[in-house]
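Each chain, written out:
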Amino acid sequence: MTTASTQTVADGLVIDGVEFGSRLIMGTGGAPSLDGLGAALLASGTELTTVAMRRYSPTETGSLFQLLVDHGIRVLPNTAGCFTAKDAVMTAELAREALETDWVKLEVIADEQTLLPDAVELVDATEKLVDRGFKVFAYTNDDPVLALRLENLGATAVMPLGAPIGTGLGILNPHNIELIVSRASVPVVLDAGIGTASDAALAMELGCDAVLLATAVTRAQNPVQMGEAFKHAVIAGRLAKQAGRIPRREHALASSAMEGRAEFL
Amino acid sequence: MKIKLNGEDHTLSNGASVTTLVSHITGRDVDSKGQAADGRKIGVAVARNSEVVPRSQWAATALAEGDELEIVTAVQGG
């Protein structure tokens, strides 16, 4: 019997030669406590998790980095809060030194109201970081042209948004996500906008290789339970994609045969 | 000597290295390779006057009067 858990092991996500049993990538923003965050991450089954880089504060209790190391979760530093390629490159360099990884989730934001990626700065930063030997996970608009351009510049993965960060609006343009997936030869990670489990399942059904979310779990009323819900949603969506859904039809199609019906007077 | 660390004024003894500063701020012993002596990850990076100082260079990098230092670490985000 093929169970969901053995399925995911056999069907691991490979990024830059590293294999992950889970296709759920978690963020860590928005959690009220480190302990609560750790429990939610464990429930989600994630093996890769993003962190932000900020000034060291001696009063901070506990180390997020150590928590992830202790749980065997690989860390993916991001450049959250950067508005220019210059700031993003500096932040990535600091993250590489601090966390001893050349992986970086590249976020270059245009403004605080939308938190949407600034395409021009994003392209510039991707080019510079690839040149400096970084493995760039590019957080991008749901723009198939831009996604392909980032891949051609050497991005390790492209991460189109479903909806603006933290909105929970789900996947606003499924067609574009499908188009990005169909033309990509690097992993596509649906990132941002996820509100609940069915959004993550849809991302996988559209063909994404993985889903990245934070707020949907960390700000849920029960983050541990929501983490577990996402674990199953990502597996379900992946299985459904591989199983091959039925085509959509305009009219009904009986699933019971019409022949052999009893006749009544 | 006076330096700025994460935007605030600090006074250090003359000749202090980046290692001295990191050790002082984190309260942990740091070896000559820039790793915590307790074997656990130290998880910080240092920029001096807007240039990253690789951890392998922490011990050899002496701080100077007026230096502007940033020490960053991983926090919740993304």
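The structure displayed is predicted, hence computed values, not measured ones. (Residues numbered from 1 in each chain as written. Chains lettered and ligands numbered in written order. Predicted model: local features only at pLDDT ≥ 70, side-chain atom pairs only at ≥ 80, totals over all residues. Heavy atoms only, no water.)

Draft legend 1. Structural detail: the overall build of chain A. A tally of regular secondary structure across chain A gives 10 helices and 10 strands. In terms of overall dimensions, chain A is globule-like: its C-alpha atoms have a radius of gyration of 20 Å, near the 18 Å expected for 265 residues. Its C-alpha atoms put chain A at 85 × 40 × 35 Å along the principal axes. Taking all 265 residues of chain A together, 48% fall into the buried category. A separation of at least 24 residues holds for 65% of the contacts in chain A among residues at least 6 apart in sequence. (Helix = DSSP H or I, 4+ residues; strand = E, 2+ residues; numbered from the N terminus. Rg over C-alpha atoms; globule rule 2.2 N^0.38 Å. Buried < 20%, exposed > 50% of the residue type's maximum accessible area, 1.4 Å probe, protein only. Contact = heavy atoms within 4.5 Å.)

Draft legend 2. Main features of unusual backbone geometry. Despite not being glycine, Leu-115 of chain A shows a phi value in the positive range, around 55°. Along the chain, the position of Leu-115 of chain A falls in the loop between β6 (103-106) and α5 (119-131). For Leu-115 of chain A, a relative accessible area of 27% puts it in the partly exposed group. One non-glycine residue, Asn-6 of chain B, lies in positive phi territory at about 45°. Structurally, the position occupied by Asn-6 of chain B is in the loop between β1 (2-5) and β2 (8-11). What makes Asn-6 of chain B buried here is its relative accessible area of 13%.

Draft legend 3. Up close: the side chain of Thr-73 of chain B. With respect to the helices, strands and loops of the structure, Thr-73 of chain B is situated in strand β5 (residues 68-75). Here Gly-43 of chain B takes part through its backbone oxygen, which lies 2.9 Å from a polar atom of the side chain of Thr-73 of chain B. When neighbours within four sequence positions are excluded, Thr-73 of chain B is seen to be in contact with Ala-52, Met-53, Arg-54 and Tyr-56 of chain A together with Gly-43 and Val-44 of chain B. (Polar contact = N/O pair within 3.5 Å; in protein donor to acceptor, adjacent residues only side chain to side chain.)

Draft legend 4. Highlighting the nonpolar core. One finds Leu-99, Leu-106, Leu-129, Leu-150, Val-211, Leu-213 and Phe-230 of chain A to be the most contacted residues of the largest nonpolar core, which totals 64 residues. Top element by residues in this core is helix α4 (residues 85-99) of chain A. It accounts for 8 residues. If near-sequence neighbours (up to four positions away) are discounted, Leu-213 of chain A is found in contact with Leu-24, Ile-25, Met-26, Gly-27, Ile-194 and Phe-230 of chain A. Ala-16, Val-18, Ile-42 and Val-53 of chain B belong to the second largest nonpolar core, which has 19 residues in total. (Core = buried A, V, L, I, M, F, W, Y, C linked by side-chain atoms within 4.5 Å.)

Draft legend 5. Main features of the pairing of strand β4 (residues 48-55) of chain A. Burial within β4 of chain A is extensive, with 6 of its 8 residues counted as buried. In the sheet, strand β3 (residues 24-26) of chain A pairs with β4 of chain A via 2 bridges, with the strands oriented parallel. Among the inter-strand pairings, Met-26 of chain A is bridged to a residue of β4 of chain A, identified as Thr-49 of chain A. Across 4 bridges, β4 of chain A lies against strand β5 (residues 74-77) of chain A in parallel orientation. Following the sheet pairing, Val-51 of chain A is matched in β5 of chain A by Pro-77 of chain A. Judged from the 4 bridges that link them, β4 of chain A and β5 of chain B form a sheet pairing that is antiparallel. Bridged to Met-53 of chain A within β5 of chain B is Ala-74 of chain B. (Pairing = 2+ DSSP bridges.)

Draft legend 6. Structural view of helix α10 (residues 223-243) of chain A. Residue and element names in this part refer to chain A. An ideal rise of 1.5 Å per residue puts 30 Å on 21 residues; α10 measures up with 30 Å between its terminal C-alpha atoms. Along α10, the residues that are buried comprise Gly-227, Phe-230, Ala-233, Val-234, Ile-235, Gly-237 and Arg-238. One or two residues past the end of α10 sits Gly-244, with phi positive at roughly 85°. (Expected span 1.5 Å × (residues − 1).)

Draft legend 7. View of the pattern of salt bridges. Scanning the model with the defined rule gives 15 salt bridges over all chains in all. For the salt bridge of Lys-41 of chain B with Glu-100 of chain A, the shortest nitrogen-to-oxygen distance reads 3.6 Å. Of this pair, Lys-41 of chain B sits in the loop between α1 (18-26) and β3 (44-48) while Glu-100 of chain A sits in the loop between α4 and β6, on two different chains. Lys-41 of chain B sits in the partly exposed class, given a relative accessible area of 34%. We note a salt bridge from Asp-102 of chain A to Lys-135 of chain A, for which the minimum N-O separation is 3.8 Å. A residue pair is termed long-range when its members are at least 10 positions apart, and Asp-102 of chain A in the loop between α4 and β6 and Lys-135 of chain A in strand β7 (residues 135-140) qualify at 33 residues. Since its relative accessible area comes to 26%, Asp-102 of chain A is described here as partly exposed. One continuous salt-bridge network, built from bridges that share partners, spans Asp-11, Arg-23 and Arg-238 of chain A. (Salt bridge = Lys/Arg side-chain N within 4 Å of Asp/Glu carboxyl O.)

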